[in-house]
Structures are given as C-alpha cells and as structure tokens.
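Descriptive analysis of the structure
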Amino acid sequence: MIKGERRSLEGKKLDNVAYNTPNLLLRFLRYEPGNRKINIICPGIHMKVSRVDNMIIRCDKVKRLFELEDYDLPYGDIMEMYLSFRAKKLDDVSKEIAKLINNDEVFEKYTSIVLIGVGEGGLYIVNAAKFLQRTVRIATIATPFQGTLMADPIYVNFKAKGIFDRFAYEEIKREYHLPNTILGRKKDITGIQYSHLSSHRWINFVSTSKKYGLTPRSRLAKKVFGSYDNDELITVTSQSCKRKELNHEFEIRASHENALLKALEYFRS
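Quick caveat, the model's predicted, so the values are computed rather than measured.

This paragraph deals with the overall build of the chain. The helix and strand inventory of the chain stands at 8 helices and 10 strands. What you see for the chain is a C-alpha radius of gyration of 18 Å, in line with the 18 Å of a compact globule of 269 residues. If one aligns the C-alpha atoms of the chain with their principal axes, the spans along those axes are about 55 × 45 × 35 Å. Counting all 269 residues of the chain, 55% fall into the buried class. Pairs at least 24 apart in sequence give 78% of the contacts found in the chain among residues at least 6 apart. When the accessible surface of the chain is summed, it comes to about 12,800 Å², and 50% of that surface belongs to carbon and sulfur atoms. Positive and negative side-chain charges of the chain, numbering 45 and 33 respectively, have mean locations separated by a distance of 4 Å.

Written as structure tokens, this is what we have:
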C-alpha cells in the first residue's frame with residue numbers, strides 16, 4: 001500500500017486544514033464548489049496540529065499521510081479526519097462530528113454525506129449516529145467494537161517475550177497510539193447505542209490477515225490472540241458488531257494497515 005520506513009511527520013505543515021479543536025481535526029483533500037457529496041474519511045491516525053500555522057506538533061509514526069490519489073474515489077469532496085491524543089470519551093469527539101454535520105455552514109450544501117472510519121475512528125463515527133439529525137452513510141473498517149488486547153501492554157508482554165516480538169510491539173504502539181484507554185476495553189465499548197444506526201445505511205468491513213503472511217506482526221498477533229482470526233491488531237470477533245441486523249457486513253483479506261484501501265475498492269466498484 002504505502003512503501004517506505006515509518007518516520008516522524010512532526011514539524012511539517014498540514015495543508016488545507018478546515019477545522020481544528022483539541023478533539024477534532026479535519027482537512028480537505030478535494031473541494032469543488034459544485035459538489036453535493038462529501039466523503040469524510042478517518043484513517044485512524046492521531047495528530048495534533050498548531051492552530052497558529054498548521055504545523056504538525058505530534059503524530060503517530062506512520063509511513064506517510066494518505067493523499068487524494070491513494071483514495072482514488074471517483075466523485076465528491078474528500079475530507080480527512082484525524083484522531084485526538086487527548087480524547088478519553090467517545091462522546092467528546094462524536095458530538096463535535098455530529099454538530100458540524102448538523103449545523104455548520106460548510107456542510108449545508110451536501111445532500112450526500114459518507115462517513116468512513118478505520119479502527120478507533122470507526123468507533124467515533126458509529127457513536128456520532130446518536131447525535132446526528134441528518135441521514136448519512138457509514139462505513140466502519142477493522143473497528144474494535146469490543147476493544148483489543150493489543151492495547152494492553154502488560155498482557156502483550158506476558159504472552160510475547162522474544163526480542164522480535166518486543167520490537168514488533170514497540171512499532172505497533174508508536175503507529176497506533178497504544179496503550180489506549182478507549183481501545184483497551186475487553187467488552188462492548190461503553191457509550192455506543194447501536195439502535196441509532198437504524199436511521200442510516202451502515203456497512204461494516206471485517207479485516208483478517210490469516211492468509212496475509214508470516215510477518216513479525218502476524219507472529220506477535222498469533223501469540224496474543226491465540227487461535228482467533230485477526231488483522232494483526234484486532235480480532236475478527238471484536239470487529240463484528242453484535243447488532244448485525246443494523247448493517248451489511250463484508251470480510252476483507254488484509255492486515256489492519258492495509259484494510260482502508262482494500263475496503264475502498266468496494267466504493268470504486
């Protein structure tokens with residue numbers, strides 16, 4: 001998907017920032033005045049950006065940010081949403097997302113709104129449904145509805161003690177902001193009320209890498225999750241919402257890192 005070593009993006013400028021608060025950061029990748037559809041995509045990246053000059057103060061150690069050509073969506077405006085390092089409750093972020101969509105003048109022109117969230121981002125988007133006054137389309141990708149043991153460093157270090165396992169886990173923690181109080185739950189994430197999803201069209205993509213290859217991450221995941229299928233970060237069981245009658249669920253073959261671009265093939269078909 002994206003080649004090259006993971007590196008720090010801190011100190012670089014983030015272009016086309018549209019909205020920046022302690023809980024929510026949005027930037028446009030494509031904006032055309034005549035468009036009546038918008039795709040708001042949360043790739044699951046945590047970031048803090050200066051409100052003065054849009055310089056990146058802190059960011060997950062990813063290979064690089066996604067750009068317009070990575071998404072390759074045929075029509076509509078494209079906006080990216082980044083996660084906050086400080087958020088401790090789902091409602092803190094979800095309320096802001098919903099308030100913008102409900103009332104902000106930037107979103108008034110759109111007759112079609114698509115919200116796409118990967119991992120932790122999917123939790124905020126699903127939770128926003130209880131505050132939304134407009135009907136939207138929702139897609140969740142590799143979303144940990146029941147949390148993930150990978151966010152519990154004590155458990156991971158107990159299960160995987162080899163030097164290569166520790167190296168792989170340190171890389172995962174830097175890339176996905178772990179440990180994480182929201183992702184660390186071992187039961188249904190507190191606060192989500194799935195009944196509100198009945199007013200929207202919801203697609204849930206469950207990602208599994210069981211045939212993806214024997215990478216250091218997949219070997220670590222096997223020790224952490226045992227026989228449970230997973231995408232190297234979250235088990236399939238956690239990704240599959242119990243309220244299946246509220247969504248259409250698809251399984252994709254991909255690691256967590258590749259799940260977004262794999263799922264986007266659905267939107268291009």
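On we go from here.
Another aspect to go through is helix 3 (residues 120-128). By the criterion of burial, helix 3 is predominantly enclosed, with 9 of the 9 residues buried. Those residues of helix 3 that fall on the buried side of the exposure criterion are Glu120, Gly121, Gly122, Leu123, Tyr124, Ile125, Val126, Asn127 and Ala128. Along its buried surface, helix 3 packs onto strand 3 (37-42), strand 6 (77-82), helix 2 (90-103), strand 7 (112-118), strand 8 (137-141) and strand 9 (201-208).

With that settled, the discussion passes to the environment of lysine 88. Tracing the backbone shows lysine 88 in the loop between strand 6 and helix 2. Spatially, the C-alpha atom of lysine 88 lies 29 Å from that of leucine 264, the residues being 176 residues apart in sequence. Contacts of lysine 88, omitting those with residues within four sequence positions, involve Thr181 and Ile182.

Turning our eyes to something else, we now look at the pattern of salt bridges. Under the criterion given, the structure shown has 14 salt bridges. A salt bridge links lysine 109 to aspartate 77, with the shortest nitrogen-to-oxygen separation between them at 3.6 Å. Residue lysine 109 is located in the loop between helix 2 and strand 7, and its partner aspartate 77 is located in strand 6; the two are separated by 32 residues in the primary sequence. Arginine 253 is paired through a salt bridge with glutamate 251; the nearest N and O atoms lie 3.5 Å apart. Since its relative accessible area comes to 39%, arginine 253 is described here as partly exposed. Its relative accessible area of 48% is what places glutamate 251 among the partly exposed residues. Linked through salt bridges whose partners overlap, the residues forming this network are Arg27, Glu67 and Glu80.

Pairing of strand 4 (residues 47-49) with strand 5 (residues 56-59) involves 3 bridges; the strand directions are antiparallel. If you follow methionine 47 over to strand 5, its bridge partner there is cysteine 59. Counting the residues in the hairpin turn of strand 4 and strand 5 gives 6 residues, including asparagine 54, whose phi is positive at 60 degrees.

Further remarks concern the nonpolar core. The biggest cluster of nonpolar side chains holds 53 residues, and the ones touching the most others in it are Ile40, Met81, Leu115, Tyr124, Met150, Trp202 and Leu220. Those elements that place two or more of their residues in this core are strand 2 (25-30), strand 3, strand 6, helix 2, strand 7, helix 3, helix 5 (163-176) and helix 6 (216-225). Here the element with the most residues in this core is helix 2; it accounts for 6 residues. If we skip the residues at most four places from it in the chain, tyrosine 124 touches Met81, Leu83, Ala87, Lys89, Leu90, Val93, Ser94, Ile97 and Ile182. By size, the runner-up hydrophobic cluster in this structure holds 21 residues, among which are Ile116, Ile141, Ala142 and Phe267.

Our focus in this paragraph is the environment of isoleucine 203. Mapping isoleucine 203 onto the fold places it in strand 9. Distance from isoleucine 203 to isoleucine 141, taken between C-alpha atoms, is 8.6 Å for residues 62 residues apart in sequence. Setting aside anything within four residues of it in sequence, one finds isoleucine 203 in contact with Ile138, Ala139, Thr140, His248, Phe250 and Tyr266.

Once that is clear, we can look at the sheet that holds strand 1 (residues 17-20). Working definition: the strands of a sheet are paired by backbone hydrogen bonds and lie parallel or antiparallel to each other. With mixed pairing, the 8 strands of this open sheet are ordered in space as 1-2-6-3-7-8-9-10. This sheet does not close on itself; its edge strands, each paired only once, are strand 1 and strand 10 (248-253). The average angle at which neighbouring strand axes cross in this sheet is 20 degrees, direction not considered. Note: strand 3 against strand 7, 6 bridges, orientation parallel. The partner of isoleucine 41 across the bridge, within strand 7, is isoleucine 116.

Turning to the pairing of strand 7, a few remarks are in order. Taken across its 7 residues, strand 7 has 6 buried, putting it largely inside the fold. As paired elements, strand 7 and strand 8 share 5 bridges and run parallel to each other. Residue pairing for strand 8: isoleucine 116 is matched across the bridge by alanine 139. Crossover handedness for the path strand 7 to helix 3 to strand 8: right-handed.

Criteria and cut-off values
- Residues numbered from 1 in each chain as written.
- Predicted model: local features only at pLDDT ≥ 70, side-chain atom pairs only at ≥ 80, totals over all residues.
- Heavy atoms only, no water.
- Helix = DSSP H or I, 4+ residues; strand = E, 2+ residues; numbered from the N terminus.
- Rg over C-alpha atoms; globule rule 2.2 N^0.38 Å.
- Buried < 20%, exposed > 50% of the residue type's maximum accessible area, 1.4 Å probe, protein only.
- Contact = heavy atoms within 4.5 Å.
- Areas by Shrake-Rupley, 256 points an atom, 1.4 Å probe, with all protein chains shown as cover.
- Lys, Arg positive; Asp, Glu negative; His and termini not counted.
- Charge placed at Lys NZ, Arg CZ, Asp CG, Glu CD.
- Salt bridge = Lys/Arg side-chain N within 4 Å of Asp/Glu carboxyl O.
- Pairing = 2+ DSSP bridges.
- Core = buried A, V, L, I, M, F, W, Y, C linked by side-chain atoms within 4.5 Å.
- Axes fitted to C-alpha atoms, helices over the stretch in contact; angles between N-to-C directions.
- Right-handed = clockwise from strand over helix to strand, strands pointing away.

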